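Residues per chain, in single letters:
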Amino acid sequence: MEAEKTEGNEWKHLGEGNQSLVVSHCQRCVVLRFLKSPPNQTKTSQEILHHLQNIVDFGKHVMKQFFGENYVHHGEIIQLPLDFVRQLCLKIQPERPECRCDKDMDTLSGFAMCLPNLTRPQSYRLAEHRPLLCIEIKPKCGFIPFSSHVSQEIKHKVCRYCMHQHLKVANGKWKRPSKYCPLDLFSGNKQRMHFALKSLLQEAQNNLKIFKNGELIYGCKDDQDCVSDWNELARHLKPFFFPSNGLVSGPHCTRTIVKELIQVITMTLLSSTDTCRAGDMKTVPVSQGRSYCEASAFNKELVRNGKHKLESSGLPRGCLLYKTLQAQMLDMLDIEGLYPLYSRVEQYLEEFPEERSTLQIDGPYNEAFYEKLLDLSTEDDGTVAFALTKVQQYRIAMTAKDCSIMIALSPCLQDECSEQRSVVLASKSRFTFSVSVLDLDLKPYESIPHQYKLDGEIVNYYLKNVQAKDDPVMSNLFKENEDCTLVLHKV
Ligand SMILES: O=P(O)(O)O[C@@H]1[C@@H](OP(=O)(O)O)[C@H](OP(=O)(O)O)[C@H](O)[C@H](OP(=O)(O)O)[C@H]1OP(=O)(O)O
Ligand SMILES: Nc1ncnc2c1ncn2[C@@H]1O[C@H](COP(=O)(O)OP(=O)(O)OP(=O)(O)O)[C@@H](O)[C@H]1O
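Per chain, residue numbering runs from 1 following the sequence as it is written. Throughout, the order in which chains and ligands are written sets their labels, letters from A for the former and numbers from 1 for the latter. Totals for whole chains, interfaces and linings use every residue, but because this is a predicted model, local features are given only for residues with pLDDT of at least 70 and side-chain atom pairs only at 80 or more, for both listing and counting. Derived side-chain values reflect all non-hydrogen atoms in the structure, with water molecules and hydrogen atoms excluded from consideration.

**Overview of the site of ligand 1**
Thought 1: Residues are labelled near a given molecule or strand when at least one of their non-hydrogen atoms is within 4 Å of it. Among the 15 residues in the neighbourhood of ligand 1, the closest are listed as R100, K168, K173, D402 and Q451.
Thought 2: Between ligand 1 and R100 there is a distance of 2.6 Å, counted from an oxygen atom to a side-chain nitrogen or oxygen.
Thought 3: The term polar contact refers here to a pair of N or O atoms within 3.5 Å; inside protein, the definition further demands a hydrogen-donor-capable atom paired with an acceptor-capable atom, and it admits residues adjacent in sequence only when both atoms are side-chain atoms. At 2.7 Å from an oxygen atom of ligand 1 is found a side-chain nitrogen or oxygen belonging to K443.
Thought 4: Across the complex, the protein chains shield 81% of the 600 Å² of accessible surface that ligand 1 would expose by itself.
Thought 5: Contributions of two or more residues to the shell around ligand 1 are made by α3 (160–171) and α13 (448–470).
Thought 6: Helix and strand assignments come from DSSP, with helices taken as H or I runs of at least 4 residues and strands as E runs of at least 2, each series counted from the N terminus. Among the elements that make up the shell around ligand 1, the one with the highest residue count is α3 (three residues).
Thought 7: Charged residues are taken to be Asp, Glu, Lys and Arg, nonpolar residues to be Ala, Val, Leu, Ile, Met, Phe, Trp, Tyr, Cys and Pro, and polar residues to be all remaining types, Gly included. Split into classes, the residues belonging to the shell around ligand 1 amount to two nonpolar, five polar and eight charged.
Thought 8: Each of two domains, domain 1 (8–116) and domain 2 (133–462), supplies a minimum of three residues to the shell around ligand 1. Each accessible area value is a Shrake-Rupley result obtained with a 1.4 Å probe; residue values ignore everything except the protein chains displayed when judging cover. Domain delimitation follows an automatic or database domain assignment.

Below, the structure is given as structure tokens:
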């Protein structure tokens with residue numbers, strides 16, 4: 001990395017999650033992504049380097065094949081002067097959300113990933129002084145399990161996100177449940193997608209962020225601290241959507257602008273800007289699994305109005321949502337079917353620990369690793385090889401269920417449109433745009449027992465506290481079970 005780029009003051013905090021912290025360069029279209037760890041669990045430089053190498057390899061050799069060349073940016077590893085990293089860490093500390101400060105940014109190794117800044121359309125390689133709008137969506141799991149290993153019927157009716165909402169509110173992670181249901185977003189039906197996006201705009205949680213010129217203007221900066229002022233949002237967006245109309249204002253104008261935004265997001269999400277190697281890999285026949293979630297507010301509204309379910313129009317094959325869903329559906333057995341296979345691999349590793357590297361559990365994530373993922377058979381022949389393939393596919397699916405989609409928009413004039421640039425039209429303006437996927441770090445093998453436990457907690461909480469309340473018979477049943485009193489009635 002050039003010396004001029006390593007001035008601490010030139011960088012600012014852009015975002016962070018549970019695993020990494022990202023800073024963006026003020027002039028150039030690049031970001032640095034640093035790993036984070038709990039204060040008492042710092043890793044050695046070699047461990048950090050190995051971890052970052054795995055992330056880059058996984059993006060390059062595996063996720064690019066699933067998602068396509070244009071959507072995935074695997075980045076590169078760079079080594080930075082330690083003085084610069086320490087100075088940067090101090091500079092950005094006040095900008096960090098409090099809820100993320102339980103982990104520290106790695107300042108010991110000097111290694112980081114350098115990536116394109118995806119808040120800008122990728123067709124603009126240089127940071128031109130153009131207004132920029134970026135919408136980041138973490139869509140979560142967009143299908144209902146179709147596996148016969150599922151033990152609770154509710155999992156075939158209500159999606160994990162909608163069930164998990166109740167547990168999250170009960171645990172205090174969020175103040176209110178969201179009406180967003182991933183199945184609506186992934187339906188490909190414009191009405192359902194609009195509803196999903198409107199719900200995200202009402203309750204962003206950690207599923208929606210909007211950046212203007214690289215600054216977060218909408219969404220949660222800290223846990224629970226969500227800004228959902230649509231008038232304020234409309235004020236920010238007005239120059240993008242109504243560049244020459246300075247007079248319109250008031251609630252009607254706010255609604256119009258939000259509608260325009262939703263329309264543009266929907267069109268970009270349905271656009272196909274790439275092809276990929278695994279493009280024709282069909283993980284699940286369309287007929288399997290249900291395409292709507294019974295808990296979705298959109299679905300409930302349809303039922304209330306006595307309307308039939310809207311036909312799911314399906315997603316265009318080339319769009320990023322379609323590719324994300326296909327990768328998510330590599331979870332074919334559900335965690336309930338997967339867990340015994342994980343135990344089989346575990347048992348084998350206990351006996352033959354030296355086999356761990358041959359089995360590529362912790363990498364390398366190369367071409368050979370990718371090839372082994374293509375076997376979609378679900379016929380268990382009792383072998384470790386079968387179990388391992390399913391475990392690795394599950395890890396890919398989990399990664400795709402937790403990734404984010406970044407839509408970058410920049411206004412353009414009609415004569416600026418060229419064939420290399422994708423363009424989306426709003427009523428009174430037009431934008432060049434790019435769609436990318438981020439946070440594609442492979443979920444660790446070790447997280448599988450946690451997934452198994454969490455799945456049980458989410459479903460049990462839902463059955464006991466939500467479904468039971470909707471159903472008086474069930475409700476009484478639970479009440480009786482809870483206090484363990486046997487009620488004797490005279491006959
Ligand atoms: O399990 P989930 O669905 O709650 O997802 C976790 C996310 O919570 P969410 O529900 O999106 O608010 C969670 O997001 P937050 O840190 O809560 O913003 C992480 O993305 C976590 O990934 P990792 O374990 O840190 O790699 C995610 O864990 P994984 O399950 O993807 O490992
Ligand atoms: N290449 C990029 N360009 C622009 N912004 C980025 C980029 N990579 C990450 N970000 C921003 O930084 C935030 C945190 O990054 P990321 O999602 O990779 O963190 P994480 O810790 O891996 O997340 P999680 O909590 O899901 O594990 C993102 O939500 C996004 O806003």
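Having seen the structure, we can now continue with the description.
**A word on the site of ligand 2**
Thought 1: Neighbouring residues of ligand 2: 23 residues in total, closest N18, Q19, S20, E136 and D439.
Thought 2: Between ligand 2 and G17, the relevant distance is 3.4 Å, taken from an oxygen atom to a main-chain nitrogen or oxygen of the residue.
Thought 3: In this structure, S20 approaches ligand 2 through a main-chain N or O atom, which is 2.7 Å from an oxygen atom.
Thought 4: Residue assignment for the shell around ligand 2 shows that the elements contributing at least two residues are β1 (11–16), β2 (20–25), β3 (30–37), β6 (111–116) and β8 (208–212).
Thought 5: The element best represented in the shell around ligand 2 is β1, accounting for three residues.

**Things to note about the packing of aromatic side chains**
Thought 1: Pairing of aromatic side chains here covers Phe, Tyr and the six-membered ring of Trp, requires ring centres within 6.5 Å, and sorts the geometry by plane angle: under 30 degrees stacked, over 60 edge-to-face, intermediate tilted. Summed over all chains, the structure comprises 12 aromatic pairs.
Thought 2: Ring centres 5.0 Å apart and planes at 45° place the aromatic pair Y348 and F352 in the tilted group.
Thought 3: On the basis of relative accessibility, which here comes to 22%, the residue Y348 falls in the partly exposed class.
Thought 4: For the pair Y365 and F369, a centre-to-centre distance of 4.9 Å together with 75° between the ring planes defines the contact as edge-to-face. For every residue, the accessible area obtained with a 1.4 Å probe (protein chains only) is divided by the maximum for its type, and the residue is called buried under 20%, exposed over 50%, and partly exposed between those limits.

**Considering unusual backbone geometry**
Thought 1: Of note, the bond from G363 into P364 is cis; its omega dihedral lies within 30 degrees of zero at 0°.
Thought 2: Along the polypeptide, P364 turns up in the loop between α10 (334–351) and α11 (367–372).
Thought 3: With a phi angle near 50°, N213 is a residue other than glycine that sits in the positive phi range.
Thought 4: Looking at the element boundaries, N213 is found in the loop between β8 and β9 (215–222).
Thought 5: On the basis of relative accessibility, which here comes to 41%, the residue N213 falls in the partly exposed class.
Thought 6: Positive phi, close to 70°, is recorded for D334, a residue that is not glycine.
Thought 7: Looking at the secondary structure, you find D334 in helix α10.
Thought 8: Taking the relative accessible area as the measure of exposure, D334 reaches 7% and is therefore buried.

**A look at the domain arrangement of the chain**
Thought 1: The domain boundaries assigned to the chain delineate domain 1 (8–116) and domain 2 (133–462).
Thought 2: Relative to domain 2, the C-alpha centre of domain 1 lies at a distance of 23 Å.
Thought 3: Two residues qualify as a contact provided that any one of their heavy atoms is within 4.5 Å of a heavy atom in the partner residue. Contacts between the two partners involve 26 residues from domain 1 and, on the opposite side, 41 residues from domain 2.
Thought 4: Accessible area that two parts lose when put together, evaluated with a 1.4 Å probe and summed over both, is termed the buried area. In this assembly, domain 1 packs against domain 2 so that about 2,700 Å² is buried in total across both faces, 59% of it on carbon and sulfur atoms.
Thought 5: Of all residues in domain 1, F66, F67 and Y71 give up the largest surface area on contact with domain 2, accounting jointly for 32% of the area buried on that side.
Thought 6: In what follows, salt bridge is the name for a side-chain nitrogen of Lys or Arg lying within 4 Å of a carboxyl oxygen of Asp or Glu. If you look at where domain 1 meets domain 2, you find three salt bridges.

**As for the nonpolar core**
Thought 1: Buried Ala, Val, Leu, Ile, Met, Phe, Trp, Tyr and Cys residues form a nonpolar core when they are joined through side-chain atoms within 4.5 Å. Of all hydrophobic cores here, the largest spans 88 residues; its most connected members are V62, F67, I135, F241, L261 and I396.
Thought 2: Here this core gets nine residues from one element, more than from any other, and that element is helix α7 (residues 251–270).
Thought 3: Looking at which domains feed residues into this core, each of domain 1 (8–116) and domain 2 (133–462) gives three or more.
Thought 4: Of all hydrophobic cores here, the second largest spans 17 residues; its members include Y342, L359, I361 and I448.

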